[in-house]
Amino acid sequence: MDCHIYGVPKLKTIKIFLLTAFFFLSINVHASALPRKPSSSSNSPQINSNSVLVALLDSRYTELAELVEKALLLPTLEDAVGKHNITIFAPRNEALERNIDPEFKRFLLEPGNLRSLQTLLLFHIIPNRIGSGEWPAGLAGDPTHSTLSNDGLSLASKGSGVKTVDVAAVVHPDAVVRPDGVIHGIERLLIPRSVEEDFNRRRNLRSISATLPEGAPEVDPRTHRLKKSVSVPAGAPPVLPIYDALAPGPSLAPAPAPGPGGPRGHFDGESQVKDFIQTLLHYGGYNELADILVNLTSLATEMGRLVSEGYVLTVLAPNDEAMAKLTTDQLSEPGAPEQIMYYHLVPEYQTEESMYNAVRRFGKVRYDTLRLPHKVMAQEADGSVKFGEADGSAYLFDPDIYTDGRISVQGIDGVLFPPEEKDTEPETKTSRPAKVIIAKSRRDDEAMCGSPAGFV
């Protein structure tokens, strides 16, 4: 068929057809080079409104649904549903709100711990459909099933008919049933060992529970003793305070050293007491106190035992000048040296800074002592801390002579007595003039008494 455009020469007509064909050919080549949008018939799974994932997001398990969204697991779960049916064990909202350690929950929600959160959530999903009627009876067969986190999850049934998943009981079997999966409600959160180990490793503790303790010791408010006896491991911090009748008063004390966590599993109180007594001797001016603790009494041994059991102590240490004012009658009565020293031992860990901040904030602070039921009063005076009242007062003279997190030694320039014992002091004692705090020169311990036996 002869194709000719009227009014146009035949040669030009042929050129027009060639140019038109070349134009359409170039368009087709360019279109084929462009990326194509995925069609609806691609391999990506399609989730319908009747899916178990949609039911999970709209169910009563709102806390679990929020965690799934925060963990960015929806694409992973959509892919799993597209391949096979799944079984979801959903903890109650209460288990995720109140029955979980707040620190563990903060650990899961930190951006750097996204992998741990994903592992924990995938630990609740089995890539198989297991209805309540398919639960294994007792321990027959192999009750362990692999989860999406590649960890094993054991299913069992108790004699009472209660179904269990690992350590959690199923409270709502077949709570949600859909064509591609089923949801069972469980009483608590399931925590895989890998997540708990990661949590412990980041906390740098040897052992910690991710759930709140249920058996905390109960103390009788009348007797201040435990209602039920509690077995305390060797070297662990004591359950009760250093004495049963009193509780530590309010303070701004710094936190003591960490609990027993070393390779030996306990505190070496004897070495710590020996160390602080040697520090007193080398510091100078506190040899009389060291002699009383070691030779005149057995307080050094007793203090070492208390520190080994996990208690903390603050020693208000009178210097040699103050100890020299004690009369023979005050020290010769049976038990008198112990009672004097007990009044200078505070069952708290205090430093010069913490005590000064306390008296600046509260005005007057009464610290418990080991001489029950007496307390020693502290207040601010002349830019320092003054203990006691009137003539029986003493200033904090040498701060922080020894501080190791368990024992704190604060040097004072007077011997303290309980208020009711002021009248028993000798009448020949002259009234003390107003004190002026000055820098004390370090005394050479060679001029004082020898080192106490057994602690040098």
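The following paragraphs examine the structure supplied in this document. Position numbers for residues start from 1 in each chain and track the written sequence from start to end. Given that the model is predicted, a residue must reach a pLDDT of at least 70 before its local features are reported, and side-chain atom pairs must reach 80 or more before they are shown or counted; all residues, however, enter totals for whole chains, interfaces and linings. Hydrogen atoms and water are omitted, and side-chain values are computed over all heavy atoms in the structure.

**Some details on the pairing of strand β7 (residues 181-186)**
Phase 1 of the analysis: Most of β7 sits out of view: six of its six residues are buried.
Phase 2 of the analysis: Where burial is concerned, the two faces of β7 agree: the one with G181, I183 and G185 and the one with V182, H184 and I186 are both buried.
Phase 3 of the analysis: In this analysis, strands are considered paired if DSSP registers two or more bridges between them. Elements are defined by DSSP. Helices are runs of H or I of four residues or more, strands are runs of E of two residues or more, and each kind is numbered from the N terminus. Examined bridge by bridge, strand β1 (residues 86-91) and β7 share six bridges and lie parallel to one another. Across the sheet, residue I86 finds its bridge partner in β7, namely G181.
Phase 4 of the analysis: By the bridge criterion, five bridges tie strand β6 (residues 168-178) to β7 in an arrangement that is antiparallel. The residue bridging V176 from the neighbouring strand is I183, located in β7.
Phase 5 of the analysis: Hairpin remark: β6 followed by β7, antiparallel, with two residues in the connecting loop. To sort residues, take the accessible area from a 1.4 Å probe on protein chains only and compare it with the maximum for the residue type: under 20% means buried, over 50% means exposed, and anything in between is partly exposed.

**Details of a negative patch on the surface**
Phase 1 of the analysis: Exposure above 30% relative accessible area and the absence of a salt bridge qualify a residue for a patch, where like charges join within 9 Å and nonpolar side chains (Val, Leu, Ile, Met, Phe, Trp, Tyr) within 5 Å. In short, Shrake-Rupley with a 1.4 Å probe defines the accessible areas, and a residue's cover is counted only from the protein chains shown. A pair is scored as a salt bridge if a Lys or Arg side-chain nitrogen falls within 4 Å of a carboxyl oxygen belonging to Asp or Glu. Note that His is not counted, nor are the chain ends; the positive residues are Lys and Arg, and the negative ones are Asp and Glu. Charge placement uses NZ in Lys and CZ in Arg. For Asp and Glu, CG and CD serve respectively. On the surface, E66, E69, E94 and E97 cluster together into a patch of negative charge.
Phase 2 of the analysis: Those elements that place two or more of their residues in the negative patch are α3 (62-70) and α5 (93-97).
Phase 3 of the analysis: Counting through the fold element by element, E69 comes out in helix α3.
Phase 4 of the analysis: Looking at E69, the relative accessible area reads 45%, which means it is partly exposed.

**Digging into the sheet that holds strand β10 (residues 364-368)**
Phase 1 of the analysis: Taken in spatial order, the seven strands of this open sheet run β9-β8-β14-β13-β12-β11-β10, and their pairing is mixed. Two strands close off the open sheet at either side, each with one partner strand: β9 (345-346) and β10.
Phase 2 of the analysis: The sheet contact formed by strand β8 (residues 313-318) and strand β14 (residues 407-412) spans six bridges and is parallel. Residue pairing across strands places V315 opposite V409, the latter belonging to β14.
Phase 3 of the analysis: We call two residues in contact when some of their heavy atoms are within 4.5 Å. Only the contacting stretch of a helix is used when fitting its axis, a line to C-alpha atoms as for every element, and angles between N-to-C directions run 0 to 180 degrees. Set on the sheet, helix α15 (residues 352-362) makes contact with β10, β11 (375-381), β12 (384-387), β13 (394-403) and β14; between it and β10 the angle comes to about 135°.

**A look at the nonpolar core**
Phase 1 of the analysis: The set of buried Ala, Val, Leu, Ile, Met, Phe, Trp, Tyr and Cys residues whose side-chain atoms join them within 4.5 Å is what this entry labels a nonpolar core. With 35 residues, the main nonpolar core has F276, I277, L293, M303, M341 and V409 as its most contacted residues.
Phase 2 of the analysis: Contributions of two or more residues to this core are made by α9 (269-283), α10 (287-296), α11 (299-308), β8, α12 (320-323), α14 (336-342), β13 and β14.

**Description of the environment of K70**
Phase 1 of the analysis: Within the secondary structure, K70 is located in helix α3.
Phase 2 of the analysis: For the pair formed by K70 and L109, sequence separation is 39 residues and the distance between their alpha carbons is 8.2 Å.
Phase 3 of the analysis: Ignoring any residue separated from it by four or fewer positions in sequence, one finds K70 in contact with L109 and L114.

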